[in-house]
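Structural description and commentary
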Amino acid sequence: METLHELAQPRLIGALLRIPFQATVTRVYEDVVAAGYTDLRPAHFTPFQHLRPEGSHITELAERAQMTKQSMGYLVDYLEARGYVERVLDPADGRAKLVRLTTRGRALARVARASLERLEAEWARRLGSDSMAHLHRLLEELVAVVEQPSARG
């Protein structure tokens, strides 16, 4: 019979990326609530993570978030009802609508960005600034690899 120690294996990349991501979401959520944005839950952050500055179509947001169009539509409806985003006609295609941030949404994004900057600074203090800079570079390289069309090769 194998012991617990023998069953323990090093964490794979999924966990190594997920655990810090979850800590990041938790910290940002705590900070936006502390700043008075009490009508949001962590799931509502998903559209914000994928919105382009000029706005994005719901289908694009759903694809980028790897969720159904209906689920993304629900999140956007919720955020629109609370004044964080708005739907506007797409100037390139008058039949389509773009989702974009409102003034309130941009204010929330500034709070979230400031939270992320503080968290990165905290991690840099704990890991060392050289290690944090190296981690950042490696993650940027990994993102570039993953975003390439032939990422599975």
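This text follows the structure it describes.
The following paragraphs examine the structure supplied in this document. (Residues numbered from 1 in each chain as written. Predicted model: local features only at pLDDT ≥ 70, side-chain atom pairs only at ≥ 80, totals over all residues. Heavy atoms only, no water.)

**Quick look at helix 6 (residues 103-127)**
Given a rise of 1.5 Å per residue, 25 residues ought to cover 36 Å, and the 36 Å separating the end C-alpha atoms of helix 6 matches this to within 8%. Listing the buried residues of helix 6 in full gives Gly105, Leu108, Ala112, Ser115, Leu119 and Ala124. For helix 6, the secondary structure elements touched by its buried residues are helix 2 (13-34), helix 3 (46-50), strand 2 (93-101) and helix 7 (129-147). Looking one or two places after helix 6, you find Gly128, whose phi comes out positive at around 100 degrees. (Helix = DSSP H or I, 4+ residues; strand = E, 2+ residues; numbered from the N terminus. Expected span 1.5 Å × (residues − 1). Buried < 20%, exposed > 50% of the residue type's maximum accessible area, 1.4 Å probe, protein only. Contact = heavy atoms within 4.5 Å.)

**Looking at the environment of Val99**
The residue Val99 is located in strand 2 in this model. Classification of Val99 by relative accessible area gives buried; the value is 1%. For the pair formed by Val99 and Ala133, sequence separation is 34 residues and the distance between their alpha carbons is 33 Å.

**Side note on the pattern of salt bridges**
In total, this model carries 12 salt bridges according to the counting rule given. The salt bridge partner of Glu122 is Arg27, with a shortest N-O separation of 3.0 Å. Residue Glu122 is found in helix 6, and its partner Arg27 is found in helix 2; the two are separated by 95 residues along the sequence. Between Arg52 and Glu60 there is a salt bridge whose closest N-O contact spans 2.8 Å. (Salt bridge = Lys/Arg side-chain N within 4 Å of Asp/Glu carboxyl O.)

Worth remembering: the numbers are spatial, not functional.
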